[in-house]
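Examining the three-dimensional arrangement
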Amino acid sequence: MNIAPRAFLGFSLIGALLLILGVFSLSQMSKIRGAGENIASMSVPSIKSLDEFTQLTLRLRVLSYRLLMNREPDIQQKTIELFEQRNRQIGDAQKIYEPLIDGPQERAAYDKYLQLLGQYRQLEERMKTLSRNNQLDDLRTLLNTELLANSEEVNAALAKLLEINTAQIEKTNSTAADQYSTSFNLVVTLLVI
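To start, this report covers the structure provided alongside it. (Residues numbered from 1 in each chain as written. Predicted model: local features only at pLDDT ≥ 70, side-chain atom pairs only at ≥ 80, totals over all residues. Heavy atoms only, no water.)

1. Overview of the layout of surface pockets
- Volume-wise, the largest pocket comes out at about 160 Å³.
- Residue lining of the largest pocket: Asn38, Met42, Ser43, Ser46, Leu100, Asp102, Asn165, Gln168, Lys171 and Thr172, and that is the complete set.
- Elements with a contribution of two residues or more to the lining of the largest pocket: helix H1 (3–69) and helix H4 (136–192).
- Grouping the amino acids of the lining of the largest pocket by side-chain chemistry returns two nonpolar, six polar and two charged. (1 Å grid on protein atoms, 1.4 Å probe; cavity = no way out; pocket = protein on both sides within 12 Å on 5 of 7 lines; lining within 4 Å. Points joined across faces, edges and corners; volume = space filled by probe spheres on them. Helix = DSSP H or I, 4+ residues; strand = E, 2+ residues; numbered from the N terminus. Nonpolar A, V, L, I, M, F, W, Y, C, P; charged D, E, K, R; others polar.)

If you want it as structure tokens, here you go:
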């Protein structure tokens, strides 16, 4: 074979390898970028919302004990207002979290949380009524039994949601790591060739 056709075939082969390398690299970078966007747009906001749920749940528990301990009328009124404010904040966090739910397992865990939250709201109304009627012994009993049990179940439901979201982040990260490893190996192989 003359030098001209050999050179043409050699440069064509190099060009084809570079084209394959470029297309493959762009494809893999796109997938890795998608994984990063998924974490930034889905997983991080979900975990932030769950953190908000946890903080607000703790604040509601503190307010519940405030109903029992601080009996001055102005503090009682302020406590009732804070209950309403915290419940609105939970509603705001739910609006952020709900569109981010990914999969039936997370949906089931979130529905369990909503069920427990509904039970808590019923307990909250009972606490307010007992507080208004100065039935402090009944209020104390409610706080130490039903409210305590509900709070523990809410904490378990939130922990389950956090576990699910953490597993989703780990899966996304693992997929991105696999894509990086595959890309790295293929790029090195093409460069050697």
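Moving on from the model shown.
2. Notes on a nonpolar patch on the surface
- A contiguous nonpolar patch, built from Tyr180, Phe184, Val188 and Val192 and spanning about 430 Å² of accessible area, is present on the exposed surface.
- Along the polypeptide, Phe184 turns up in helix H4. (Patch = residues over 30% accessible without salt bridge, like charges linked within 9 Å, V, L, I, M, F, W, Y side chains within 5 Å. Areas by Shrake-Rupley, 256 points an atom, 1.4 Å probe, with all protein chains shown as cover. Salt bridge = Lys/Arg side-chain N within 4 Å of Asp/Glu carboxyl O.)

3. Overview of the side chain of Glu106
- Residue position: Glu106 is located in helix H3 (residues 104–132).
- For the buried Glu106, no salt bridge exists, and the shortest N-O distance to an oppositely charged side chain is 8.5 Å, to Arg107. (Buried < 20%, exposed > 50% of the residue type's maximum accessible area, 1.4 Å probe, protein only. Lys, Arg positive; Asp, Glu negative; His and termini not counted.)

4. Some words on empty space enclosed by the protein
- With the rule as written, the count across this model stands at one cavity of 30 Å³ or more.
- Estimates place the volume of the largest cavity at around 70 Å³.
- Residue lining of the largest cavity: Thr57, Leu60, Arg61, Tyr113, Leu117, Tyr120, Asn150, Ser151 and Val154, and that is the complete set.
- Elements with a minimum of two residues in the lining of the largest cavity: H1, H3 and H4.
- The residue makeup of the lining of the largest cavity, split by class, is five nonpolar, three polar and one charged.

5. Some points on the packing of H3 against H4
- Orientation of H3 relative to H4, taken along the N-to-C sense of each, is 160 degrees, at an axis distance of 9 Å. Between H3 and H4, the angle is such that the two are roughly antiparallel. Pair H3 / H4 crosses with left-handed handedness.
- Residues belonging to the contact of H3 with H4 are distributed by class as follows: 17 nonpolar, six polar and seven charged. (Axes fitted to C-alpha atoms, helices over the stretch in contact; angles between N-to-C directions. Parallel < 35°, antiparallel > 145°, perpendicular 65-115°, else oblique. Left-handed = near helix turned anticlockwise from the far one by under 90°.)

6. Re the nonpolar core
- Phe53, Tyr113, Met127 and Leu161 are the most contacted members of the largest nonpolar core, which has 32 residues in total.
- Secondary structure elements with two or more residues in this core: H1, helix H2 (73–97), H3 and H4.
- If we ignore the near neighbours within four places in the chain, the residues touching Leu161 are Leu50, Tyr97, Glu106, Ala109, Tyr110 and Tyr113. (Core = buried A, V, L, I, M, F, W, Y, C linked by side-chain atoms within 4.5 Å. Contact = heavy atoms within 4.5 Å.)

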